[in-house]
Amino acid sequence: SVKKANDVALNTTEDLVLETLNIVDQWQKVTDKALKGGVKLLDNQQDLILSALETYKDHFVKGSKRLRKVFA
């Protein structure tokens, strides 16, 4: 009966380890997708910010030229 109990314990442990590895593999795939999506989102936000700053710079330069003409 001790051998039977030992076999049951070994089988249960093996099943538990295999299921844990399966779950970890699934979470790694989810994490990989999340990181790739996050990097893409960050890239898009960075492009948006740089575009906004370039537009602001253009408006500022044009506005300062107009003010110089008015007060010159």
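That block above? That's the structure.
Quick notes on the rules
- Residues numbered from 1 in each chain as written.
- Predicted model: local features only at pLDDT ≥ 70, side-chain atom pairs only at ≥ 80, totals over all residues.
- Heavy atoms only, no water.
- Salt bridge = Lys/Arg side-chain N within 4 Å of Asp/Glu carboxyl O.
- Helix = DSSP H or I, 4+ residues; strand = E, 2+ residues; numbered from the N terminus.
- Buried < 20%, exposed > 50% of the residue type's maximum accessible area, 1.4 Å probe, protein only.

Visitor: What is the right way to look at the pattern of salt bridges in this model?
Guide: Where side chains of opposite charge bring their charged atoms close, a pairing between them can arise. All told, the structure shown has 3 salt bridges when counted by the stated rule. The salt bridge partner of Asp7 is Lys3, with a shortest N-O separation of 3.9 Å. Note that Asp7 and Lys3 are positioned in helix H1 (residues 2–71) at a spacing of 4 residues, about one turn of the helix. For Lys36, the salt bridge is made with Asp32, and the minimal N-O distance between the two is 3.4 Å. Of this pair, Lys36 and Asp32 both sit in helix H1, 4 residues apart, roughly one helical turn. For Asp32, a relative accessible area of 38% gives the class partly exposed.

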